[in-house]
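# Structure assessment
In case you want the letters, here they are:
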Amino acid sequence: MVYRDLGKTGMKVPRVGLGGENVTKSSYEITKGIVDVMDENGANAIDAFMPQPEVRSRFGQALEGRRDRFVIQGHIGSILKNGQYFRTRVVRDSEEYIADFLKRFRTDYIDVGVMHYIDLQEDFDLVFNSDFITYVMRLKQEGVIRAIGASSHNPITAKKLAETGVIDVILFSINPAFDMMPVDTTVGDYNGSFKGLSYEVDPRRNEFYETCEKLGVGITVMKTFAAGRLLKPETSPFGFALTPWQCMNYALDRPGVASVMVGSRTPEEMAYSCAFENASDAEKDYSAIFKGASENLANKCMYCNHCLPCPKNIDVAAVSQFADMFEYNGDSETLRAHYAALTAHGSDCIGCGACEKRCPFSVPVRKNMARAKSLFGF
């Protein structure tokens with residue numbers, strides 16, 4: 001495994017790490033299997049934003065006896081409220097969930113404490129003009145976290161975060177589709193089509209990457225595969241499927257990037273991602289993406305559930321994903337059984353629109369819920 005400096009933190013991280021979101025519903029055996037593969041290959045970096053207690057406990061058990069070999073990004077401000085994921089800037093709530101994180105991960109420190117999901121100027125102001133940032137800085141002073149991080153999907157806000165002088169690491173969404181959006185838009189406000197792309201990286205995103213490299217702010221990467229959409233020809237905006245290695249290589253070639261936190265649902269998927277280090281240059285070559293695009297990736301659900309909480313307790317990501325699977329792969333008894341097992345469905349949506357205001361990818365969530373209702377009948 002190749003390691004890179006994580007900005008000026010003094011830590012080194014592998015070029016390949018794990019984004020923990022995809023193991024939220026996995027068993028302990030699968031979680032441990034993934035961690036075993038990571039340990040065997042030196043892919044010792046984990047981003048863990050998940051507030052669910054059982055997920056944290058499974059990771060803590062899997063990391064028992066080898067915690068010191070791993071660099072863990074734990075999110076501050078990602079909590080559960082009424083059983084649902086919720087983003088908060090309330091210090092008391094954050095304190096409770098950091099204490100829970102430490103207990104369940106069986107550790108007394110978090111390598112990078114990531115202030116969760118700062119996209120808009122209002123988000124930025126709320127964090128830096130409140131006691132939330134004071135609390136986070138105190139965590140670093142006390143050694144509870146070794147470095148201060150932040151996660152963002154917006155290059156303008158992310159650049160401001162890097163320029164504060166407070167942030168050591170930024171978790172940012174990077175893939176060629178996001179980078180090539182028209183220069184007068186960002187991921188969060190894009191409402192057009194990918195047809196007619198200039199095939200050049202949005203200069204504001206390049207400015208963010210270069211600013212991080214200049215200031216020594218480390219970048220770790222999420223959404224490397226755009227929630228798997230870049231890996232399928234029917235959902236890729238480039239008219240063909242990219243391989244995981246091509247997507248990973250693209251992100252790792254951006255200035256300032258230290259590590260890609262790839263999504264893996266099984267030990268086998270994690271092993272494939274780790275094999276990136278042994279892949280040939282030809283296998284990692286992504287130059288074909290600059291030759292043309294066909295479909296629209298904008299406004300597509302990334303299954304991140306940043307739109308929550310929902311007043312009707314709908315798992316928006318799961319409903320949207322099952323609807324997508326229905327359209328791409330066709331109807332099946334298994335798919336219907338999984339959809340039926342959800343505690344709330346597309347038909348439960350009351351159309352309040354609160355989810356759409358929170359979504360960093362401008363997804364028409366209400367239309368997605370109506371689509372799921374139409375496809376499954378409820």
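Throughout, residues of each chain are indexed from 1 in the direction in which the sequence is written. Local features in a predicted model are, by the rule used here, given only for residues with pLDDT of at least 70; side-chain atom pairs are given and counted only at 80 or more, and totals for whole chains, interfaces and linings are based on all residues. Side-chain measures were taken over the full set of non-hydrogen atoms in the model, leaving aside hydrogen atoms and water.

The way it works is that DSSP assigns letters per residue, a run of H or I at least four long becomes a helix, a run of E at least two long becomes a strand, and they are numbered from the N terminus. For the protein chain, the count of helices and strands is 15 helices and 12 strands. Out of the 378 residues in the protein chain, the part that is buried amounts to 57%. Within the protein chain, counting contacts between residues at least 6 apart in sequence, those at least 24 apart form 75% of the total. Each accessible area is a Shrake-Rupley estimate made with a 1.4 Å probe; only the visible protein chains count as cover when residues are assessed. A total of about 15300 Å² of accessible surface is found on the protein chain, and carbon and sulfur atoms cover 49% of it. The sign given to each residue is positive for Lys and Arg and negative for Asp and Glu; His and the chain ends receive no count. All charge positions are set by atom: Lys at NZ, Arg at CZ, Asp at CG, Glu at CD. Counting 43 positive and 48 negative side-chain charges, the protein chain places the averaged centre of each group 3 Å from the other. Burial here depends on accessible area, computed with a 1.4 Å probe over protein chains only, as a share of the maximum for the residue type. Under 20% is buried, over 50% is exposed, and the range in between is partly exposed. Two residues form a contact once any of their heavy atoms are found within 4.5 Å.

The next point concerns the nonpolar core. Throughout, nonpolar core names a set of buried Ala, Val, Leu, Ile, Met, Phe, Trp, Tyr and Cys residues whose side chains join them through atoms within 4.5 Å. Counting 104 residues, the largest nonpolar core has F59, M115, I170, I174, I219 and M270 as its most contacted members. It is helix α12 (residues 316-329) that provides the largest number of residues to this core, a total of 7 residues. Filtering out sequence-adjacent residues up to four positions away, I174 remains in contact with D179, R205, Y209, I219, V221, M222, K223, T224, Y250, A251, R254 and V257. Counting 9 residues, the second largest nonpolar core, distinct from the first, contains L6, M11, V112 and A258.

For this document, the term salt bridge refers to a Lys or Arg side-chain nitrogen within 4 Å of an Asp or Glu carboxyl oxygen. This structure, assessed with the given rule, holds 24 salt bridges. Across the salt bridge formed by E64 and R106, the nearest N and O atoms sit 3.1 Å from each other. Residue E64 is found in the loop between α2 (53-62) and β5 (71-76), and its partner R106 is found in the loop between α3 (91-104) and β8 (110-115); the two are separated by 42 residues along the sequence. Notably, a salt bridge pairs E163 with K159, separated by 2.8 Å at the nearest N-O pair. One end of the pair is E163 and the other is K159, both in helix α6 (residues 155-163) and 4 residues apart, which spans about a single turn. Residue classification places E163 among the partly exposed positions, given a relative accessible area of 44%. The network of salt bridges with shared partners includes K32, D36, D39, R66 and R69.

To continue, consider the pairing of strand β11 (residues 218-222). Of all 5 residues in β11, 5 are buried; the element is thus mostly enclosed. Side chains G218, T220 and M222 project from β11 onto one buried face, and the interleaved I219 and V221 project onto a second face that is buried too. Strand pairing is defined by DSSP finding a minimum of two bridges between the two strands. Sheet topology note: the strand β10 (residues 169-173)/β11 ladder contains 5 bridges and is parallel. Across the sheet, the residue bridging to S173 is M222, located in β11. With 3 bridges joining them, β11 and strand β12 (residues 257-263) adopt parallel strand pairing. Its bridge partner lying in β12, I219 is registered against V257. As for the winding sense of the linkage, the β-α-β connection from β11 through helix α9 (residues 244-252) to β12 is right-handed. Whether a crossover is right-handed depends on one test, that the path from the first strand over the helix to the second runs clockwise when the strands point away from the viewer.

A word on the packing of aromatic side chains. Two rings from Phe, Tyr or Trp (for Trp, the six-membered ring) form a pair when their centres sit within 6.5 Å of each other. Planes less than 30 degrees apart are called stacked, planes more than 60 degrees apart edge-to-face, and all others tilted. This structure, assessed with the given rule, holds 12 aromatic pairs. On the numbers, 5.8 Å between centres and 85° between planes, the contact of F49 with Y85 is edge-to-face. Of this pair, F49 sits in the loop between β4 (45-48) and α2 while Y85 sits in strand β7 (residues 84-87); the two residues are 36 residues apart in sequence, bridging distant segments of the chain. Owing to a relative accessible area of 12%, F49 belongs among the buried residues under this scheme. A connected cluster of aromatic rings, assembled from ring pairs, spans F326, Y339, F376 and F378. Remark: a charge is flagged as sitting over a ring if the NZ atom of Lys or the CZ atom of Arg is within 6 Å of the ring centre and within 35 degrees of the ring normal. We note R254 situated over the ring of Y250; from NZ or CZ to the ring centre the distance is 3.9 Å.

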